[in-house]
Amino acid sequence: LLLATAMVYSFRSSIAQARDWAADGWEYVSEREGIKVFRKNYAKSDVKGVAGETVVNATVGKILWILVDNPHKPDWINRFKEAYTVEDIPPSSNIQYSQFNLPFPASNRDFVFRNDFSVDEKTHSVVIDVKSVVDKRAPERDGIVRGEIVRGRYFLIPQGDKTIIQAEYLADPKGLIPSWLINFFQKEWPYKTLDAMRNQLNQPYVQEWDVYTKILK
């Protein structure tokens, strides 16, 4: 039984680590401190998609917890100002509002988006699909530009007491910022985000997300 269990974990690990990013249209950019960075061109978009992959010493449940833990997000997300949950949608979705501080003379950006959490049975991973929505409970504010998350996705793949994180985003901050400048700064998003997430997971107050333990696990 122990041998069979070990073989299953080894098989799952080989599947998870064998993702062919190039086959999905992603271009390898760099690797730093165990974090791989990719980018991708999308039709009808001057803004490039960005993605990253790393392994963290934390469970899937704890990663999910920091992603929904709004009060502590300013501690680890770059230029983060505020966030709140617009609605929790049972069994495992929610609508969120987030705002970011941008340096003068740019205006702050905010986003209203829906998270849908599901389980990929092939890899036993949790998948988070992220997409902007329009919600009258979170209207646009004067002086703040409403950005758009065209598509976003996280794969959280358990590997014993570690987890492989694969994150990809196509996000447009809108406004008057030229696309070349957006692409220049956003190429750092995967490294900065995954590195900060890795550090945040070491905080003593981080816990398992109850929706994961009760519904998704």
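The numbers attached to residues start from 1 for each chain and follow its sequence in the written order. It should be noted that, the model being predicted, local features are given only for residues of pLDDT at least 70 and side-chain atom pairs only at 80 or more, the latter also being counted only at that level, while totals for whole chains, interfaces and linings use all residues. As a rule here, side-chain values come from all non-hydrogen atoms in the structure, and water together with hydrogens is ignored.

A.B. asks: Which residues make up the environment of Asp 172, and what values go with them?
C.D. replies: Among the secondary structure elements, Asp 172 is positioned in strand β10 (residues 162–172). For the pair formed by Asp 172 and Gly 143, sequence separation is 29 residues and the distance between their alpha carbons is 17 Å. In what follows, residue pairs with any heavy atoms lying within 4.5 Å of each other are defined as contacts. With residues up to four places along the chain from it excluded, the contact list for Asp 172 reads Val 47, Phe 111, Gly 147, Glu 148 and Ile 182. Counting of polar contacts relies on pairs of N or O atoms within 3.5 Å, with two restrictions inside protein: one atom must be capable of donating a hydrogen and the other of accepting it, and residues adjacent in sequence are counted only when both atoms are side-chain atoms. Within polar-contact distance, the side chain of Asp 172 engages the backbone nitrogen of Lys 174 at 2.8 Å. Going along the chain from the N terminus, every DSSP run of H or I of four or more residues is numbered as a helix, and every run of E of two or more is numbered as a strand.

A.B. asks: Give a detailed account of unusual backbone geometry, specifying residues and quantitative values.
C.D. replies: The peptide bond linking Pro 90 to Pro 91 adopts the cis configuration, its omega dihedral lying at 5°. Positioned with a positive phi, Glu 33 is a non-glycine residue whose angle comes to about 50°. One non-glycine residue with positive phi stands out, namely Arg 79, at about 60°. Mapping Arg 79 onto the fold places it in the loop between α2 (60–68) and β4 (80–89).

A.B. asks: Describe the nonpolar core, and please don't skip the residues or the numbers.
C.D. replies: Residues belong to a common nonpolar core when they are buried Ala, Val, Leu, Ile, Met, Phe, Trp, Tyr or Cys residues joined through side-chain atoms within 4.5 Å. For every residue, the accessible area obtained with a 1.4 Å probe (protein chains only) is divided by the maximum for its type, and the residue is called buried under 20%, exposed over 50%, and partly exposed between those limits. Of all hydrophobic cores here, the largest spans 34 residues; its most connected members are Leu 64, Ile 128, Met 197 and Trp 209. Elements supplying a minimum of two residues to this core: β2 (35–40), α2, β6 (108–120), β7 (125–132), β9 (148–159), β10, α4 (189–200) and α5 (210–216). Residue contributions to this core peak at 7 residues, all from α2. Trp 209 has contacts with Gly 61, Leu 64, Trp 65, Val 68, Phe 117 and Leu 216, leaving out every residue within four places of it along the chain. One finds Trp 21, Phe 38, Val 47 and Ile 182 within the second-largest nonpolar core, a separate group that totals 8 residues.

A.B. asks: For α4, give the residues involved together with the corresponding values.
C.D. replies: Note that an α-helix has 3.6 residues per turn; residues three or four places apart therefore point the same way. Here α4 is 12 residues long and its end C-alpha atoms lie 16 Å apart, about the 16 Å a rise of 1.5 Å per residue gives. Taken as a whole, α4 has its buried residues at Pro 190, Tyr 191, Thr 193, Leu 194, Asp 195, Ala 196, Met 197 and Gln 200. Residue count minus one, scaled by 1.5 Å, sets the expected span of a helix.

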